[in-house]
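Chains, contacts and geometry: an overview
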Amino acid sequence: MRIYVDFDDCLCETGRSFARLAAELFGRDVPYGEMRFFEMDKTFGLNCEQFELLMARGHEPETLLSYEETPGAACTVSEWISCGHQVSVVTGRPFSAYEPSRRWLDAHGLQRAGLYCLDKYGRETSVKSSDFCLTPEDCRRMRFDFAVEDSPRAFGLFSGLPDLRVLVFDRPWNRDCGFPNGNFTRCFGWEDIRRIVAGRA
Ligand SMILES: [Mg+2]
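None of the values given here were measured: they were computed from a predicted structure. (Residues numbered from 1 in each chain as written. Predicted model: local features only at pLDDT ≥ 70, side-chain atom pairs only at ≥ 80, totals over all residues.)

What about the sheet that holds strand S6 (residues 165–169)?
Strand pairs in the sheet, formed through backbone hydrogen bonds, run parallel or antiparallel to each other. Pairing is parallel across the open sheet formed by seven strands, whose spatial order is S4-S3-S2-S1-S5-S6-S7. Here the strands that pair on one side only, and so sit at the sheet edges, are strand S4 (133–134) and strand S7 (184–187). Lying over the sheet, helix H6 (residues 98–107) contacts strand S2 (86–91) and strand S3 (114–118), oriented at roughly 150° with respect to S3. In the packing of helix H8 (residues 190–200) onto the sheet, contacts are made with strand S5 (146–149), S6 and S7, and the angle to S7 comes to roughly 140°. (Pairing = 2+ DSSP bridges. Helix = DSSP H or I, 4+ residues; strand = E, 2+ residues; numbered from the N terminus. Contact = placed C-beta atoms within 7 Å. Axes fitted to C-alpha atoms, helices over the stretch in contact; angles between N-to-C directions.)

Overview of the nonpolar core
Among the nonpolar cores identified, the biggest contains 40 residues, and Tyr4, Val5, Val89, Phe146, Ala147 and Val148 are the most heavily contacted of them. Elements supplying a minimum of two residues to this core: strand S1 (2–5), helix H5 (73–82), S2, H6, S3, S5, S6 and H8. If you tally residues by element for this core, the top one is S6, at four residues. The contacts of tyrosine 4, once residues within four sequence positions are left out, are Ser88, Val90, Phe144, Phe146, Ala147 and Val148. (Core = buried A, V, L, I, M, F, W, Y, C linked by C-beta atoms within 7 Å. Buried ≥ 20, exposed ≤ 12 C-beta atoms within 10 Å, placed from the backbone.)

Right under this line is the structure:
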């Protein structure tokens, strides 16, 4: 099977790190459980300048490398690859974050997982043509069987793909969102995800 896995808040605990950063930089103390919006500026009440600074700091190589693994992520993905599934980590991080993101995967035993950048949130100002950059159309052509994703803003990528099952990683910012169709399932951790994929394999 072909499996899409989002990076932030699926493989690692990015939201919790951003909450710590926002407290440190701007004194905005929003506990993880109260991060009700995917948009960080809205969650932390930041102006454009503050938001830019938060994003820049959050995507510095040493910060990216420090993100904690979400429990069960690396062993589940490794197991899938060992079983012959093709796993592609498709991240909405800036293209400039590719190298440290690759290093994080390698450091967590995921050397065999592919890594691609896709501008899911319209943040890039120029189009890049590297092997690791995808357009939404490239992503569709990869014909994934499963997608593991936490961001409601990425759900549009999966429209018109009736055979794709989307496993939505439960996070405070996606609890109020409706799912576009019955192919979406809320999952409460990697054990849930592992069980659902095993049921289809
Ligand atoms: Mg994410």
